[in-house]
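Descriptive analysis of the structure
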Amino acid sequence: MCIRDSINAEYMGYPQMSKSKEEYVFLARMSEQSERYDEMVDYSIEFTKKAKGELTVDERNILSVAFKNAVGSRRASWRVLTSLEQKEEKKEHGNVEKIRKYKQTIEKELKTYCDKVMGLLDDTLIPSTSADEPKVFFYKMKGDYLRYLAEFQKGEAKNASSNKALEAYQSAHKIASEKLASTHPIRLGLALNFSVFYYEIMQQSDKAVEMAKNAFDEAIASLDNVTDESYKDATLIMQLLRDNLTLWSSDAPEEKDGQSNLIHTSK
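Remember, predicted model here, so these are calculated numbers, not experimental data.

Some thoughts on the packing of helix α3 (residues 37-50) against helix α5 (residues 96-128)
Where α3 contacts α5, the two axes come as close as 11 Å, and the packing angle between them is 15°. Taken as axis vectors, α3 and α5 run roughly parallel relative to one another. As α3 runs across α5, the sense of the crossing is left-handed. Contact with α3, carried on its side by D38, V41, D42, I45 and T48, involves Y113, K116, L120, T124 and L125 of α5 and no other residues of that element.

Now the structure itself:
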């Protein structure tokens, strides 16, 4: 039994014993504080399955943080390996094949985690959610993780993930435009990530700029009406939108090379 399995055996039960939703929420928080995000994902999946109806805002955020960190670290690893691969390709006796094999391991892990969150979203979270705000949140989340798949996939797999991501983002955008204020952090975060999707995955820079600019301008026009509770988050995302617009308008070489770590997205 590996170390991680022994920890899960102790806290999840070995053989697995049923725990309450509240216990799984606590374990997920404990995993976050100890920066053990893979286990945080496991516990988050369990309390999501235990939840009756919609998750609370706190539970929703825990689930989001778990997957964001578990997947985010692997996306960062994949980018590093891609950069190394490009450098090795220029050498006469480079280690390209070794790097590509390692990348495949990372890609398998990425797909595993993206498939996990997609299963929760499609089977549980989106169907059981009726309120507008969480509906936008979960459709955006679906678009994000399909975008992460499209970042490294090729051919038909990439096209399939891209088309599904577009559908998810469009569903979120339709509800957000009709039901959420232009300064709502979730609506702004959606515009930020949707515009990055257009820019990086669809290679449609005009649409990316248009979406980001419209979101920024609409939020600016209503900034005086933002509540104190939302002001900090809203203005932070607006700054990220503006940063991306500046980057995309500059025609910088880094942008053409697809260095997505230079482009801002929301959590």
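A look at the environment of W78
Locating W78 in the fold gives a position in helix α4 (residues 57-89). Spatially, the C-alpha atoms of W78 and E151 are 9.9 Å apart, while their sequence positions differ by 73 residues. Not counting chain neighbours up to four residues away, the residues in contact with W78 comprise K103, I106, E107, L110, E151 and F152.

Topic: the packing of aromatic side chains
The tally for this structure, following the rule as stated, stands at ten aromatic pairs. Here F137 and F138 contribute two aromatic rings whose centre-to-centre distance is 5.6 Å and whose plane-to-plane angle is 85°, an arrangement assigned as edge-to-face. By the burial criterion, F137 is buried, and F138 matches it. Aromatic side chains F197 and Y198 sit 6.0 Å apart centroid to centroid with 55° between the ring planes, which places their arrangement in the tilted category. The pair formed by F197 and Y198 is uniform in burial state, with each residue classed as buried. In textbook terms, an aromatic cluster arises when at least three aromatic residues are bridged by ring pairs, as seen for Y169, F194, F197 and Y198. Over the ring of F137 we find R60; its NZ or CZ atom is 4.6 Å from the centre of that ring.

Some details on the environment of K68
Looking at where K68 falls in the secondary structure, it is placed in helix α4. Given a relative accessible area of 23%, K68 falls into the partly exposed group. For the pair K68 and D144, spaced 76 residues apart in sequence, the C-alpha separation works out to 9.9 Å. Among the polar contacts listed, one links the side chain of K68 to the side chain of Y148, at a separation of 2.7 Å.

A word on the pattern of salt bridges
Under the defined criterion, the tally for this structure stands at 20 salt bridges. For R36, the salt bridge is made with E39, and the minimal N-O distance between the two is 2.8 Å. By relative accessible area, which is 34% here, R36 ends up partly exposed. For K116, the salt bridge is made with D42, and the minimal N-O distance between the two is 4.0 Å. Residue K116 is located in helix α5, and its partner D42 is located in helix α3; the two are separated by 74 residues in the primary sequence. Overlapping salt bridges bring together E85, E89, E97, R100 and K103 as one network.

Cut-off values and rules
- Residues numbered from 1 in each chain as written.
- Predicted model: local features only at pLDDT ≥ 70, side-chain atom pairs only at ≥ 80, totals over all residues.
- Heavy atoms only, no water.
- Axes fitted to C-alpha atoms, helices over the stretch in contact; angles between N-to-C directions.
- Helix = DSSP H or I, 4+ residues; strand = E, 2+ residues; numbered from the N terminus.
- Parallel < 35°, antiparallel > 145°, perpendicular 65-115°, else oblique.
- Left-handed = near helix turned anticlockwise from the far one by under 90°.
- Contact = heavy atoms within 4.5 Å.
- Phe/Tyr/Trp six-rings, centres within 6.5 Å; stacked < 30°, edge-to-face > 60°.
- Buried < 20%, exposed > 50% of the residue type's maximum accessible area, 1.4 Å probe, protein only.
- Lys NZ or Arg CZ within 6 Å of the ring centre and 35° of its normal.
- Polar contact = N/O pair within 3.5 Å; in protein donor to acceptor, adjacent residues only side chain to side chain.
- Salt bridge = Lys/Arg side-chain N within 4 Å of Asp/Glu carboxyl O.

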